[in-house]
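Residues per chain are reported as follows:
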Amino acid sequence: AQKITQTQPGMFVQEKEAVTLDCTYDTSDQSYGLFWYKQPSSGEMIFLIYQGSYDEQNATEGRYSLNFQKARKSANLVISASQLGDSAMYFCAMRGLQAAGNKLTFGGGTRVLVKP
Amino acid sequence: KAGVTQTPRYLIKTRGQQVTLSCSPISGHRSVSWYQQTPGQGLQFLFEYFSETQRNKGNFPGRFSGRQFSNSRSEMNVSTLELGDSALYLCASSLEYLDPEAFFGQGTRLTVV
């Protein structure tokens with residue numbers, strides 16, 4: 001079984017500052033992928049960043065970076081230089097890459113509000 | 001390149017009715033997954049289809065069913081609707097069955113009254 005925990009239900013961040021969203025996971029899979037998605041009020045889930053369990057380098061995509069600490073089973077998302085448009089729900093998710101039925105398991109989400 | 005298209009965007013149904021939701025994946029993508037999102041339960045996996053075959057199913061009652069067509073388009077059906085079925089239903093498409101990346105549509109917001 002897989003489990004994702006996001007301990008921050010909501011947070012405020014000042015525009016142009018960096019913010020770190022916490023995510024810890026639990027899985028018995030040896031090979032897995034970790035994802036972050038953004039969900040604005042429109043409802044669409046927007047893919048932000050992906051980290052494979054065997055990737056040695058932390059993933060980066062523009063202003064998004066994933067701080068992957070495998071031994072601690074954490075995959076925190078860092079958003080640099082926050083913008084007003086970053087206000088949204090953020091979900092951490094994981095997916096086994098070997099077992100049959102590779103469904104995504106999601107955390108409860110963190111609501112981010114960027115203040116001008 | 002068009003993204004994942006879900007229709008309809010909004011739907012209001014009465015208890016006891018049935019509903020069919022549609023999902024057209026990104027062109028060339030062959031794997032489609034469905035998720036239910038509610039304020040109480042969060043995002044929960046419903047099913048996953050690849051090559052017209054259901055590959056995995058979440059913990060939902062038999063009232064929830066789905067299928068995938070030869071062009072990879074997928075439909076999900078909910079029969080005998082209950083108030084608790086009110087949710088945002090999201091569809092995700094992936095290139096292949098074991099492809100780690102999934103891209104979501106805008107969802108169908110179903111309200112059961």
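Located above this text is the structure these notes cover.
What counts, and where the lines are drawn
Sequence order as written defines residue numbering, which begins from 1 separately in each chain. Ligands are numbered from 1 and chains lettered from A, in the order in which they are written. For a predicted model such as this one, the threshold for reporting local features is a pLDDT of at least 70, and the threshold for listing and counting side-chain atom pairs is 80 or more; totals across whole chains, interfaces and linings nevertheless cover every residue. As a rule here, side-chain values come from all non-hydrogen atoms in the structure, and water together with hydrogens is ignored. Two aromatic rings, drawn from Phe, Tyr or Trp (for Trp, its six-membered ring), form a pair once their centres lie within 6.5 Å of each other, and the interplanar angle then sorts them: stacked below 30 degrees, edge-to-face above 60, tilted otherwise. Segments assigned H or I by DSSP are reported as helices when at least four residues long, segments assigned E as strands when at least two residues long, and all are numbered from the N terminus. The cut-offs for exposure are 20% and 50% of the maximum accessible area for each residue type, with area from a 1.4 Å probe on protein chains only; residues under the lower value are buried, those over the upper are exposed, and the others partly exposed. Remark: a charge is flagged as sitting over a ring if the NZ atom of Lys or the CZ atom of Arg is within 6 Å of the ring centre and within 35 degrees of the ring normal. The definition of a nonpolar core used throughout is a set of buried Ala, Val, Leu, Ile, Met, Phe, Trp, Tyr and Cys residues joined through side-chain atoms within 4.5 Å. Note on contacts: a residue pair is in contact if any heavy atoms of the two residues lie within 4.5 Å. Using a 1.4 Å probe, buried area is obtained as the accessible area two parts lose upon being combined, added over both of them. The salt bridge definition used is simple: a Lys or Arg side-chain nitrogen within 4 Å of an Asp or Glu carboxyl oxygen. Each polar contact in these results corresponds to two N or O atoms within 3.5 Å; when the atoms are within protein, one needs to be able to donate a hydrogen and the other to accept it, and residues that are neighboring in sequence are counted only if both atoms are side-chain atoms.

Description of the packing of aromatic side chains
Counted under the stated rule, the structure contains 15 aromatic pairs over all chains. Ring geometry for A:Y37 and B:F104: centres 5.1 Å apart, planes at 85 degrees, overall edge-to-face. Separated into two different chains, A:Y37 in strand β5 (residues 32-39) and B:F104 in strand β10 (residues 103-104) make up a pair that spans both. On the basis of relative accessibility, which here comes to 4%, the residue B:F104 falls in the buried class. Among the aromatic residues, those joined into a ring-pair cluster are A:F35, A:Y37, A:F47, A:Y50, A:F91, A:F106, B:Y35, B:F45, B:F103 and B:F104. Seen from the ring of A:Y64, A:R63 lies directly overhead, with NZ or CZ sitting 5.7 Å from the centre. In this arrangement the basic side chain of A:K70 is found over the ring face of A:Y54, its NZ or CZ atom lying 4.5 Å from the centre.

Focus on the nonpolar core
Judged by nonpolar contacts, the single largest core of 24 residues is most densely connected at A:W36, A:I49, A:L77 and A:Y90. Contributing elements (two or more residues each) for this core: β3 (19-21), β5, β6 (46-52), β8 (64-69), β9 (74-79), β10 (88-96) and β12 (110-115) of chain A. The biggest single contributor to this core is β10(A), with four residues. Apart from the residues within four sequence positions on either side, A:Y90 is in contact with A:Q6, A:L21, A:W36, A:Y37, A:K38, A:L48, A:L77, A:I79, A:G109, A:T110 and A:V112. Counting residues in each nonpolar core, the second largest holds 21 residues, with B:F64, B:L81, B:A87 and B:Y89 among its members.

Some details on the interface of chain B and chain A
Counting from both sides, the interface comprises 21 residues of chain B and, opposite them, 18 residues of chain A. Interface of chain B and chain A: buried area, both sides summed, is about 1,700 Å²; carbon and sulfur atoms make up 55% of it. Put simply, A:R95 and B:E48 hold a salt bridge, and the shortest N to O gap is 3.0 Å. The tally of links between chain B and chain A comes to four residue pairs in polar contact (both at pLDDT 80 or more).

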